[in-house]
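Report on the structure
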Amino acid sequence: MNNPIATLNINWRILTLIIGVILIAILVYSVVKLRKNRALAEKLCYIFLMFVLIYKTAHYVIYCAVLAHDWTQQIPCEISQITYFLCPIAFLTQQKYIKESGAFMGIFAGFIQLIAVVVSPMSFVNSGSLTLVSFIETIIMHYLVLWGGLIQVTCIYKLEIKKIWQVLLTVLIIILWGVLAANTWRFGTDAGYPNEPANIGFVQRCVLPDAIINVAPWLTQHHLFIIPYLIAFLAFTAAVYAISAWSMKTVQKQEASIYGIGCIEMNKILKEHSIK
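With respect to the overall build of the protein chain
The number of helices and strands found in the protein chain is 10 helices and 0 strands. Order of helices (α) and strands (β) in the protein chain, N terminus to C terminus: α-α-α-α-α-α-α-α-α-α. Here the protein chain holds 276 residues, and the buried ones make up 39% of them. In the protein chain, the share of contacts with a sequence separation of at least 24, taken over all contacts with a separation of at least 6, comes to 72%. Carbon and sulfur atoms form 70% of the exposed surface of the protein chain, whose accessible area is close to 15,800 Å².

Let's talk about the environment of Trp 71
Note that Trp 71 resides in the loop between helix H2 (38-66) and helix H3 (79-93). Note on Trp 71: relative accessible area 57%, which makes it exposed. Taking the C-alpha atoms as reference points, Trp 71 and Val 61, 10 residues apart in sequence, are found 9.0 Å from one another.

Side note on H3
Over its 15 residues, H3 extends 20 Å from the first C-alpha to the last, a length consistent with the 21 Å expected when each residue adds 1.5 Å. A large share of H3 lies buried, amounting to 12 of its 15 residues. For H3, every residue scored as buried is listed here: Ile 79, Ser 80, Ile 82, Thr 83, Tyr 84, Phe 85, Leu 86, Cys 87, Pro 88, Ala 90, Phe 91 and Leu 92. Structurally, the start of H3 carries an N-cap: the backbone nitrogen of Ser 80 is 3.0 Å from a side-chain oxygen of Glu 78. Gln 94 occupies a position one or two residues after H3 and carries a positive phi of about 55°.

Structural notes on the side chain of Ser 247
Tracing the sequence through the fold places Ser 247 in helix H9 (residues 226-249). Residue classification places Ser 247 among the buried positions, given a relative accessible area of 2%. Residue contacts for Ser 247: discarding those within four places in its chain leaves Arg 35 and Thr 154.

Concerning a nonpolar patch on the surface
Residues Tyr 97, Trp 165, Leu 169, Leu 172, Ile 173 and Leu 176 make up a contiguous nonpolar surface patch of roughly 630 Å² in combined accessible area. For Leu 176, the position within the fold is in helix H7 (residues 164-182). Exposure remark for Leu 176: the relative accessible area of 52% places this residue in the exposed category.

Some thoughts on the packing of aromatic side chains
Enumeration over the complete set of coordinates arrives at 11 aromatic pairs. Ring centres 5.1 Å apart and planes at 80° place the aromatic pair Phe 48 and Trp 147 in the edge-to-face group. Placement of the pair is Phe 48 in helix H2 and Trp 147 in helix H6 (residues 132-156), with a sequence separation of 99 residues. Through a chain of ring-to-ring contacts, the aromatic side chains of Phe 104, Phe 108, Phe 111, Phe 233 and Phe 236 assemble into a single cluster. Over the aromatic face of Trp 246 sits the side chain of Arg 35, whose NZ or CZ is 5.9 Å from the ring centroid. One cation-aromatic arrangement involves Lys 99 over Tyr 157; the distance from NZ or CZ to the ring centre is 4.3 Å.

What to know about the packing of H6 against H9
With their axes 7 Å apart at the nearest point, H6 and H9 run at an angle of 45° to one another. By the angle class used here, H6 and H9 are oblique. Here Val 153, Thr 154, Cys 155 and Ile 156 of H6 come into contact with H9, specifically with Ile 243, Ser 244, Ser 247 and Met 248. For the contact of H6 with H9, the residue count by class is 5 nonpolar, 3 polar and no charged.

Definitions and cut-offs
Residues numbered from 1 in each chain as written. Predicted model: local features only at pLDDT ≥ 70, side-chain atom pairs only at ≥ 80, totals over all residues. Heavy atoms only, no water. Helix = DSSP H or I, 4+ residues; strand = E, 2+ residues; numbered from the N terminus. Buried < 20%, exposed > 50% of the residue type's maximum accessible area, 1.4 Å probe, protein only. Contact = heavy atoms within 4.5 Å. Areas by Shrake-Rupley, 256 points an atom, 1.4 Å probe, with all protein chains shown as cover. Expected span 1.5 Å × (residues − 1). Polar contact = N/O pair within 3.5 Å; in protein donor to acceptor, adjacent residues only side chain to side chain. Patch = residues over 30% accessible without salt bridge, like charges linked within 9 Å, V, L, I, M, F, W, Y side chains within 5 Å. Salt bridge = Lys/Arg side-chain N within 4 Å of Asp/Glu carboxyl O. Phe/Tyr/Trp six-rings, centres within 6.5 Å; stacked < 30°, edge-to-face > 60°. Lys NZ or Arg CZ within 6 Å of the ring centre and 35° of its normal. Axes fitted to C-alpha atoms, helices over the stretch in contact; angles between N-to-C directions. Parallel < 35°, antiparallel > 145°, perpendicular 65-115°, else oblique. Nonpolar A, V, L, I, M, F, W, Y, C, P; charged D, E, K, R; others polar.

Written out as structure tokens, the structure is:
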């Protein structure tokens with residue numbers, strides 16, 4: 001007799017794998033097409049990231065003001081939660097100190113989520129705090145910041161190695177902010193670890209796969225499990241910068257459109273045109 005739970009597991013894995021392949025295909029197709037049209041790339045980034053910012057802002061306001069949830073529990077303190085605001089704000093303002101960090105964090109958060117959903121869909125499906133609607137929502141939101149971040153650094157501008165310190169500092173600040181939250185107002189709110197620091201779990205406890213732990217059991221001691229994460233992060237960062245450099249090297253230089261100059265400058269231009 002077939003095990004219904006096993007069947008459900010297999011079906012979800014197949015479904016999320018198909019979704020992942022489709023989303024990656026759309027991402028690659030978008031990069032190929034938009035490399036030739038900077039204005040369209042900027043317009044689409046503007047629309048999608050503005051949607052993310054408005055949606056997530058409304059989401060938090062409704063949770064606190066309408067549904068009367070504890071506002072302290074709604075403070076963004078996890079990598080994805082912060083990226084939902086940082087990535088759109090960085091693009092919409094074009095502020096030079098967060099511009100590249102916003103795009104990078106969009107790629108980082110979106111890529112990790114996409115891989116996690118494809119590799120371990122049941123961890124999301126079986127989560128008591130995540131409904132089907134929330135599951136779909138998190139895929140859409142993460143994919144939009146992933147798409148927006150990657151389009152920026154492959155079709156609009158190149159990530160500059162001399163500014164990598166801004167990206168690394170941003171990541172460090174986000175992690176430290178998450179650790180602070182996990183040990184204060186977010187302590188014990190994780191359904192899986194009710195009596196331990198919640199939120200950014202990968203810096204609180206070892207969550208490495210058993211296959212790695214069996215080979216290197218010493219990683220479970222003294223927070224040494226952070227070493228593989230650091231190596232993986234540095235490799236990921238190098239890959240993103242390499243992809244950006246290679247992509248923009250072959251892109252014909254184009255002037256920024258009205259959607260890629262920042263909201264403040266955009267408003268100035270629109271006002272000037274309306275006056276004329």
